[in-house]
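Close look at the chain arrangement
In case you want the letters, here they are:
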Amino acid sequence: MWVHKNTFAIGGLENVGFVPAKEFLIVLSSQGQGIFDCKTGEKIARQNDNGEWWDKFNEESNSIIGFDFLDNVEIRTHGFYGEDNLPKINEEGWELMLTDPEPDEKPFEKYLVQKIYLVSPNKKKKIFISKDGPCELRAYGFSDSGKTFIVALSCELVIFREEKKDSEQGFWSCINEFYLMSALRKLVKSK
């Protein structure tokens, strides 16, 4: 079942890209570059270069050569620069769906947002994952394996991973934990 692995606040997030045939994600931001392990949901490498990664960015292919343990690996990115061509459906039929702009929740209903849902293969389950709003949507989609998906906003990265659970209850407890953490973040921000 799908497990929320982590959410990171990343100011100035511009582009993201999955490492080919791996569950690693490179994030390009105005502060530098990061590498995330999508299996664990951890940030595992960081290069603070104040956006100087741009000098190594290939605008034609929207790719960049990795750093640290991904040195010499070309990674195609998606987001602010270039199109969002990440897969929206995996091999099992799980789909990430983006809504048309719609009013936000109270008390912000005068603002339009787009919401991202995870839809089950049989279309019977539709699970809210994230939304834009004060942060612009940069990219969302599945990794090459289809076992991980991300939502990248201009200020936030959300990582989910499919893990086999013994029961449906495990799935719903993980989703409930994600919503609880989201609600707590909103409460803290509102104070």
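Please refer to the structure higher up on the page.
The structure reproduced in this document is the subject of the present report. Only a predicted model underlies this, so the values are computations on that prediction, with no experimental measurement involved. (Residues numbered from 1 in each chain as written. Predicted model: local features only at pLDDT ≥ 70, side-chain atom pairs only at ≥ 80, totals over all residues. Heavy atoms only, no water.)

Some details on the sheet that holds strand E4 (residues 32-37)
Keep this limit in mind: Strands were regarded as paired on the criterion that DSSP finds at least two bridges between them. Think of it this way: any DSSP run of H or I at least four residues long counts as a helix, any run of E at least two long counts as a strand, and we number them from the N terminus.
The strand order across the open sheet formed by 5 strands is E5-E4-E3-E2-E8, and the pairing between neighbours is antiparallel. Two strands lie at the open edges of the sheet, namely strand E5 (42-48) and strand E8 (78-79), each paired on one side alone. The pairing of strand E2 (residues 13-18) with E8 spans 2 bridges and is classified as antiparallel. Counted as the bridge partner of Asn-15 is Gly-79 from E8.

Some thoughts on the state of the cysteines
In protein chemistry, a disulfide is the covalent bond that joins the sulfur atoms of two cysteines. Rule in force here: Here, the term disulfide refers to a pair of cysteine sulfur atoms separated by no more than 2.5 Å. Think of it in three bands: with a 1.4 Å probe and only protein chains considered, a residue is buried below 20% of the maximum accessible area for its type, exposed above 50%, and partly exposed in between.
Across all of its chains, the model carries 1 disulfide by this definition. Between the sulfur atoms of Cys-135 and its disulfide partner Cys-155 the distance amounts to 1.6 Å. The sign of the S-S torsion, about 95 degrees, decides the handedness of the disulfide formed by Cys-135 and Cys-155: right-handed. Residue Cys-135 is located in the loop between strand E13 (126-131) and strand E14 (137-142), and its partner Cys-155 is located in the loop between strand E15 (148-153) and strand E16 (156-162); the two are separated by 20 residues in the primary sequence. You can call Cys-135 buried: its relative accessible area is 14%. Overall, Cys-155 belongs to the partly exposed group, its relative accessible area being 27%.

Quick look at the environment of Ala-139
Rule in force here: A contact between two residues is defined here by any heavy atoms of the two lying within 4.5 Å.
Counting through the fold element by element, Ala-139 comes out in strand E14. Judged by relative accessible area, Ala-139 falls into the buried class, the value being 0%. Spatially, the C-alpha atom of Ala-139 lies 8.3 Å from that of Glu-83, the residues being 56 residues apart in sequence. If we ignore the near neighbours within four places in the chain, the residues touching Ala-139 are Val-16, His-78, Gly-79, Asp-84, Leu-86, Ile-150, Val-151 and Ala-152.

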